[in-house]
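Read off the chains here:
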Amino acid sequence: SMSTNGAGGRRKAPSMEVITIDSSDDDEEQVIPAAAASSSGKKRARKSPTSSKASAKNQNQEVIALLDDSSDDDNPVPKMDRKRKARPCIEDEIVDIESSVEVRKPAAAARKRTASKNSSTDNNDDSPVIPFHLFETTTAKSPSALSQEKRKYFQTLREAIGLDVPNRQIQWLIISNFLIDFRYVYEKLPDIVQIPRVVVFYGSYFAGMDNIHFQQVQQLIMKNWKAAAEQNGNTVEFIRLVPGDPPRSKTNPLPVKITYGCHHTKMFLTGFDDHVSNEGGGGSTRQSMIRVVVHTANLGTSDVEYKTNGFYAQNFPLKEKKVEQRSAIVNPYKVWTKSGGDYNASAAAKSTCSFENDLADYMASYGYNTSQSWCAPTLGGSMDIREARLKRFGQSMDSQSSSTAYPSQKAANANGTSRILTSQELSLPDLIRQYDYSSAYAVLIPSVPGYHQGMAIHKYGYLKLRREIMDAFPSSQTLGEKKKKKKPPIVCQISSLGSLQEKWLRKFFSALDYTSTHTTNPLDENCMSTQPLQSLTKIIWPTTDEIRNSVEGVAGGGSVPGREKNLQKPFLKPLYHRWSKRDGGKDPFLTARHIPHIKTVVQPSQSFFDDRSIEWLLLSSHNLSKAAWGQVQNNKRTGGKDCFIAHWELGVMFSPATLLEVCGMTKPVRILSIGYDGAKDNGTISLCDDDVDDDGSSDFINVRVPLPYDVHTPDAYNGRDDYWIAE
C-alpha cells in the first residue's frame, strides 16, 4: 500500500492483488504505479486534471508491498485504517517527434566548427550530442509545450535505442532492466521481431491487480514474441536474474545466494550496421557499431511516458585491426600517467580502455557465455545467416519484406573499406570487446551482487565511483580547495530510500567529495567527515503534494517507494529538499508534474569565480541504499575487508576530465545545468559551446546538461511540506 504522512481525504480502497517481495534494505522501486493507495490526514488531495481523464484505462498496474526482514528500532508507525482510491495512470500513445535543425548563433557556430577541427575524435551519434537526454514525456511531446531548443534534450524510446535511423540494419539487441511490461515493449516496438538476435535480462515483469492473470498475460506475450521472431528467422531469449535463487542456477549465475538482492540495472546495447559516406564523396561503406544506453526507466507506459527519466547514449565503432591505428581516437582521460597527468599516446594505443573493461566485466557477471553468431552477414557462401534461419522454418527470403533483408558481407565489402562484424561465434563479453570505446565521454559505475574483496573491492559500488572521482581530480588539484569559499553539499536525487544509518551516510558522502576523498579511507571504519550532515549532502525527495499534483496523481507515487520508518529518521529530515521549485517557480523542462524516477548524484562547484558549474555528475539506476552502493564490512574468514553489494546496478559518471576530448581539448571544460541560476537556456543545445560567457569571459568550453531540477538552490522542506511515503 502507499500512504502519505501529510493531508489527504479518506476513502475506501478497492480490492487488489498484492505481491510481496522481501527486501532487507527496503530500497528499490518495488512499489509499482498502482490503482490503489492509502493516505491519512485532514486535507483532501487536489485532483490532477490529466489523470482524471484516465478513469479506468490502465488495468495492468500493481502495488507491491515490501516485507520488513529485520526489526526496526524506530518508534512504531501506526497502521493506516482507511484507504484512498487513487487515480490510475494514463494510457496515451507516444508520438515520435522529428529531430529539428539545430539553431545557433553565427559566431557560436563558427567557434563550434573550429573546436571540431581540433577534436581528436569524430562523434558517431546521430542526434545532437549532450551528456544525457531525458525521455520524452506526454508533456514534452506536445508541440506547444517546449521550444525547439528545449525539445532537443528529449528523445523517445525508439530514438534512445537507436531504432529511428533510416536504412540502419540492427543486428542484435541486449535489453537489461528491472521491471518490464512485455506487452508495452512488444506493442511500442513491433519491428523488434525483425532483429536477428535479441536477449532480454530482467528482474521481474509488470503484473496487475489480478496478479495471476497478468502474469499469464506477460508470459503469453513472451511466447508470441518468440514465435513472431522465429517466423522472421530470428531469435529472442528471456533470462530472469534473481540473486535470491539458488547459486549457479539458471536465474542466479552468482556463486552465492543474496536473499534480498535484485537485478535493478536499466540498459540497452544495440549492435547495428550503418552506411557511412566516404570522405571525398566516393560513395559509402558499411560500418558495424555498438550503441551503449544506460538509463533510469523501467520498461512500461508509466515510467517511459509519464515519469521523469534520463539516459546516456553513445555509439562506438568496431576496433581497428592494427593497434597503432587506434591511438588517434583514444580519450586521454583513460591513460593519464602517474607522473602528472600527461597524455601518453603510445600507452593509449596499447591499452584497453576502462570503459571496455568495465562493460565486459559487468556483462560477464550475468553468466551468459553462450558462443553464437551476432550478425546477419554471409554464412560460408552467398547465403545470408538470416536466410539460413528462415530455411529452418520452411520459409524463403522471397516471402519476407525486402526492407528487412540484410545485405551479404560480400556485397558490403565490395570496395574493401567496410568495417563490419563477422559471423564468428562469440560469447557476450567477447562481443563487447570487439568495439572501440576509447572515445567514451563517460565512466561506467557498476554494482554486482556479492562479497568483493582484494583488488575487486574497488571495482563496484561507491568504492568504484570514489576511484573515478579521484582519477578525475588528482590530489595535487584538490590541495587548495579548502581555502576557497564554503563547499556546497553533494546533491543526491533518488526515487527510493533504503534503511540507512547516519554512520554509513557520512562514510558514503565523505568518500565521494572530491575535496576530501584523497584523505578519506572508506576501509577505515572511523575515517569519515565529522561535519554536520547538512554540509555534506542535500537529498531531493518529492513531497506529498508534488506526487498528488503530478500528471499521474498518487497512483504514480508507487514508483517512489520509501517506508515511513526509513524516511522519518531524525538525521535525515534536515536533508530533504523538494523536487520542484516552490509556488510555481522555474520549470525549464516542464518536469515538475512528472514524478521523478531519474536518479542523479551531483557535486556542485565551490569555485570562487563560478558557483553555477558542476564538478561531477552521476546518472544511474542506483538509489540511496547499502544494497545498491555497497557496505564495507569485516571478513571473518580472511580477517580483511570486503564490500557487500546486493543488487545489479549501472550508472555513468561525467566530469570535465571525461568530457575534455570530445570538446576539442582547446580549453578547460565547464559543466552547467540549464534553466536555473542564470545558466543560459536559449542558446546552443550541443555538447560543446565555447561562446562568450555572461561575464564576458571565454576561458571555458561550456557543457550544458538537462538536469530536471534545481541542483544549486533546491527548496528545502518547510512546515507545509511532508515527505512522500509509499509502504
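Residues numbered from 1 in each chain as written. Predicted model: local features only at pLDDT ≥ 70, side-chain atom pairs only at ≥ 80, totals over all residues. Heavy atoms only, no water.

Caption draft 1: A look at the overall build of the chain. When its secondary structure is counted, the chain shows 18 helices and 25 strands. For the chain, contacts bridging at least 24 residues in sequence account for 80% of all contacts bridging at least 6. Summed over its atoms, the accessible surface of the chain is roughly 28,100 Å², and 49% of this surface lies on carbon and sulfur atoms. (Helix = DSSP H or I, 4+ residues; strand = E, 2+ residues; numbered from the N terminus. Contact = heavy atoms within 4.5 Å. Areas by Shrake-Rupley, 256 points an atom, 1.4 Å probe, with all protein chains shown as cover.)

Caption draft 2: Up close: the sheet that holds strand E14 (residues 450–453). With antiparallel pairing, 3 strands are arranged side by side in an open sheet as E14-E21-E20. Bordering the open sheet on either side are E14 and strand E20 (631–634), each of which pairs with just one other strand. If you compare each strand with its neighbour and ignore which way they point, the axes differ by 35° on average. Relative to strand E21 (residues 641–645), E14 runs antiparallel, the two sharing 4 bridges. Bridging across to E21, Gly-450 finds its partner in Ile-645. (Pairing = 2+ DSSP bridges. Axes fitted to C-alpha atoms, helices over the stretch in contact; angles between N-to-C directions.)

Caption draft 3: Fine view of the nonpolar core. Membership of the largest hydrophobic core comes to 123 residues, with the highest contact counts inside it found for Tyr-312, Met-363, Trp-541, Trp-616 and Leu-624. Of all the elements, helix H14 (residues 502–512) adds the most residues to this core, at 6 residues. Apart from residues no more than four positions distant in its own chain, Trp-616 is found in contact with Leu-465, Ile-469, Phe-473, Ile-490, Leu-512, Tyr-514, Val-601, Val-602, Gln-603, Met-653, Phe-654 and Ser-655. Core analysis: the second largest hydrophobic core is formed by 38 residues, Leu-163, Val-185, Leu-189 and Ile-221 among them. (Core = buried A, V, L, I, M, F, W, Y, C linked by side-chain atoms within 4.5 Å. Buried < 20%, exposed > 50% of the residue type's maximum accessible area, 1.4 Å probe, protein only.)

Caption draft 4: Representation of the packing of aromatic side chains in the model. Inspection of the entire model under this criterion finds 32 aromatic pairs. Relative to Phe-355, the ring of Phe-316 lies with its centre 5.4 Å away and its plane at 45°, an arrangement referred to as tilted. One end of the pair, Phe-316, is in strand E12 (residues 310–317); the other, Phe-355, is in helix H8 (residues 354–364), with 39 residues separating them in the sequence. Side by side, Phe-316 and Phe-355 carry an identical accessibility label, which is buried. (Phe/Tyr/Trp six-rings, centres within 6.5 Å; stacked < 30°, edge-to-face > 60°.)

Caption draft 5: Main features of the pairing of E21. Sheet topology places E20 next to E21; 4 bridges connect them, and they run antiparallel. Bridge pairing in E21 links Asn-634 to Lys-641. Once E20 ends, the chain turns through 6 residues before running back antiparallel as E21, passing Gly-639 with a positive phi of about 80°.

Caption draft 6: Layout of the pattern of salt bridges. In total, this model carries 20 salt bridges according to the counting rule given. In this structure, the salt-bridge partner of Lys-464 is Asp-358, at a minimum N-O distance of 2.8 Å. Of the two residues, Lys-464 sits in helix H12 (residues 461–472) while Asp-358 sits in helix H8, which places them 106 residues apart along the sequence. You can call Asp-358 buried: its relative accessible area is 14%. Note that Arg-548 is salt-bridged to Asp-545, the shortest N-O span being 3.4 Å. Within this pair, Arg-548 and its partner Asp-545 are both found in helix H15 (residues 544–548), separated by 3 residues, close to a single helical turn. With a relative accessible area of 3%, Arg-548 lands in the buried category. Counted as one network, the salt bridges with shared partners bring together Glu-546, Arg-578, Arg-582 and Asp-721. (Salt bridge = Lys/Arg side-chain N within 4 Å of Asp/Glu carboxyl O.)

Caption draft 7: Seen up close, the packing of H12 against H14. The contact between H12 and H14 brings their axes to 8 Å, and the two run at 25°. The orientation of H12 relative to H14 falls into the category roughly parallel. Only Lys-507, Phe-508, Ala-511 and Leu-512 of H14 make contact with H12, whose side of the interface consists of Tyr-462, Leu-465, Arg-466 and Ile-469. Tallied by class, residues from the contact of H12 with H14 come to 6 nonpolar, no polar and 2 charged. (Parallel < 35°, antiparallel > 145°, perpendicular 65-115°, else oblique. Nonpolar A, V, L, I, M, F, W, Y, C, P; charged D, E, K, R; others polar.)

Caption draft 8: Region of interest: unusual backbone geometry. At Asn-167, a position not held by glycine, the phi torsion is positive, near 65°. Counting through the fold element by element, Asn-167 comes out in the loop between helix H3 (157–161) and strand E6 (169–180). Overall, the relative accessible area of 68% leaves Asn-167 in the exposed class. Phi is positive for Arg-248, which is not a glycine, with a value near 60°.

Caption draft 9: Spatial organisation of the environment of Cys-643. Of note, Cys-643 is situated in strand E21. Overall, the relative accessible area of 1% leaves Cys-643 in the buried class. Put simply, Cys-643 and Ile-457 are 186 residues apart on the chain and 5.9 Å apart in space, counted from C-alpha to C-alpha. Setting aside anything within four residues of it in sequence, one finds Cys-643 in contact with Gly-450, Tyr-451, His-452, Ile-457, Leu-463, Gly-630, Gln-631 and Val-632.

Caption draft 10: Structural context of the confidence of the model for the chain. Residues at a pLDDT of 70 or more form 66% of the chain, whose mean pLDDT is 75. Throughout residues 326–350 the model reports pLDDT below 50, and contacts reaching past four residues in sequence, or to other chains, amount to 49 contacts. Note that residues 678–686 has pLDDT below 50 and, in this model, 33 contacts with residues that lie over four places away or in other chains. (pLDDT = per-residue confidence, 0-100.)

Caption draft 11: Spotlight on the sheet that holds E6. Reading across the sheet, the 8 strands line up as E5-E4-E12-E11-E10-E6-E7-E8 and stay open at both edges, with mixed pairing between neighbours. Every other strand in the sheet has two partners, leaving strand E5 (154–155) and strand E8 (235–240) as the edge strands with one partner each. Pairing between strand E4 (residues 133–135) and E5: 2 bridges, direction parallel. Paired with Leu-134 across the strands is Phe-154, a residue of E5. Strand contacts of H8: E6, strand E7 (197–205), strand E10 (267–277), strand E11 (284–295) and E12, with the helix running at about 130° to E10, the strand carrying the most contacts.

Caption draft 12: Inspection of helix H5 (residues 211–231) at higher detail. Given a rise of 1.5 Å per residue, 21 residues ought to cover 30 Å, and the 30 Å separating the end C-alpha atoms of H5 matches this to within 8%. If you check which residues of H5 are buried, you get Asn-211, Phe-214, Val-217, Gln-218, Ile-221, Met-222, Trp-225, Ala-228 and Ala-229. Considered in projection along H5, the buried side chains sweep an arc of 135° and stay on one side of the axis. Every exposed residue of H5 that faces more than 90 degrees away from the buried side is listed here: Lys-223 and Gln-231. Residue Gly-233 follows H5 closely and has a positive phi angle near 80°. (Expected span 1.5 Å × (residues − 1). Arc of directions from axis to C-beta.)

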